[in-house]
Amino acid sequence: MNEDVKKENNTKPFKILVCIDGTDDSYRGLRYAARIGSGANADITLLYVRKIDKELNTGGLDMRLARENMLNWGLDLPSTTALKRAHDLLIEIGYLDEDWGSKTSHTEIQGDPLGDNSVEYTSQSGRKVILKLMVAQSPELGILDESELGSYDITIVSSSKPGEADDKAMRFSGSISQIVATESKNTVIVANSLEENHGHLLCLSGSASSFRAAQRDALIARRCYCPIYLYCVAKNEDEIPHKQIILDKARKIIEKMGYGVSGEKIDVGDPVECIVEEGSKYSLIVLSGERKKGFRRFFKSSVVYRVLRSAHNSVMISR
């Protein structure tokens with residue numbers, strides 16, 4: 001095990017932000033988060049973001065918010081219902097125990113009777129699960145703020161919303177997940193019918209960022225015991241030897257980190273079409289994203305963006 005892996009195990013917790021919106025995809029994302037966080041030294045935050053609601057009727061509960069668990073408010077709100085379902089799911093799968101210690105916090109938000117609220121559960125070993133109800137101008141701004149300020153290792157956001165059409169490409173267009181995936185400075189998983197146990201398809205271009213994605217994915221896959229498959233797309237037959245060099249380099253990087261590669265493949269054709277087709281066999285399509293200033297100007301013309309628009313399953317943008 002190299003020094004990077006030792007450092008990841010022994011320093012600050014691996015932090016996962018799961019955006020809960022009440023859809024089945026968001027709970028599938030939560031299950032995957034629990035799998036990633038199943039080892040020691042991991043914290044999971046469940047975030048529900050809602051817009052300011054001046055007319056919200058709290059039934060006189062606003063004075064008790066600072067000292068009471070939001071799951072006990074007795075309010076029939078989409079936010080508390082969704083977070084309670086997420087909380088109960090973690091108990092059901094054995095990730096969270098009812099005997100964990102808890103503490104609540106409340107921040108007043110001008111114009112909204114509920115404000116920001118959170119419940120932090122802590123195990124005897126120090127692992128944390130945090131339920132957070134946040135007020136923001138829009139869900140995507142709240143998610144981006146929390147992701148950046150909280151310095152999360154991964155943000156998981158659902159690609160679907162209640163009432164959307166079944167066409168997946170149209171669902172992604174203009175959605176909250178699109179904005180989060182485009183604007184976030186951290187690694188993002190866009191959960192779209194996320195199924196476990198099918199492994200990660202790590203797509204490599206040969207750029208420095210794609211090799212960093214290989215390192216990042218090795219750390220994540222190792223946490224959830226997910227197999228990694230390496231993948232390249234060549235423009236023509238003549239380019240195949242060069243792509244093989246890329247795969248060999250990525251394999252060495254991953255193996256140096258103490259993790260194995262389960263397979264590799266090179267296809268010839270259009271990169272977006274090939275990645276979408278091959279990627280449908282896996283739990284996650286893993287792509288590299290830039291973190292440098294100004295990358296947003298070019299993101300919408302990139303392979304990453306076009307794969308996100310077209311993929312039928314979940315995509316991770318590694319940054």
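Residues numbered from 1 in each chain as written. Predicted model: local features only at pLDDT ≥ 70, side-chain atom pairs only at ≥ 80, totals over all residues. Heavy atoms only, no water.

Caption draft 1: Structural context of the overall build of the chain. Of regular secondary structure, the chain possesses eleven helices and twelve strands. In the chain, which comprises 319 residues, the proportion classed as buried is 53%. Look at the contacts in the chain between residues 6 or more apart in sequence, and 74% of them connect residues 24 or more apart. Within the structure as shown, the chain displays about 15100 Å² of accessible surface, and the carbon and sulfur contribution to it stands at 48%. (Helix = DSSP H or I, 4+ residues; strand = E, 2+ residues; numbered from the N terminus. Buried < 20%, exposed > 50% of the residue type's maximum accessible area, 1.4 Å probe, protein only. Contact = heavy atoms within 4.5 Å. Areas by Shrake-Rupley, 256 points an atom, 1.4 Å probe, with all protein chains shown as cover.)

Caption draft 2: Representation of the packing of helix α7 (residues 208–224) against helix α8 (residues 240–256) within the structure. Packing of α7 against α8 brings their axes to within 9 Å, and their N-to-C directions diverge by 35°. Here α7 runs over α8; the crossing is right-handed. Taken together, the residues of α8 that come into contact with α7 (itself represented by F211, A214, Q215 and A218) are I246, K249, A250, I253 and I254. Partitioning the contact of α7 with α8 into residue classes produces seven nonpolar, one polar and one charged. (Axes fitted to C-alpha atoms, helices over the stretch in contact; angles between N-to-C directions. Left-handed = near helix turned anticlockwise from the far one by under 90°. Nonpolar A, V, L, I, M, F, W, Y, C, P; charged D, E, K, R; others polar.)

Caption draft 3: Expanded view of the sheet that holds strand β6 (residues 154–158). Reading across from one edge, β3-β4-β5-β2-β1-β6-β7-β12-β11-β8-β9-β10 is the order of the twelve strands in this open sheet, with mixed pairing throughout. What marks the edges here is a single partner per strand, and that holds for β3 (101–109) and β10 (263–268). Strand-to-strand twist of the sheet, defined as the mean angle between neighbouring strand axes without regard to direction, takes the value 20°. By the bridge criterion, four bridges tie strand β8 (residues 200–203) to strand β9 (residues 228–234) in an arrangement that is parallel. The residue bridging C203 from the neighbouring strand is Y231, located in β9. (Pairing = 2+ DSSP bridges.)

Caption draft 4: Representation of the nonpolar core. Residues V18, I36, L46, L202, L204, L230 and I254 are the most contacted members of the largest nonpolar core, which totals 64 residues. No other element matches α7, which puts eight residues into this core. Each residue touching L230, except ones within four places of it in the same chain, is listed here: L202, L204, L247, A250, R251, I254, V261, G263, E264 and K265. A136, C203, V272 and Y282 belong to the second largest nonpolar core, which has 31 residues in total. (Core = buried A, V, L, I, M, F, W, Y, C linked by side-chain atoms within 4.5 Å.)

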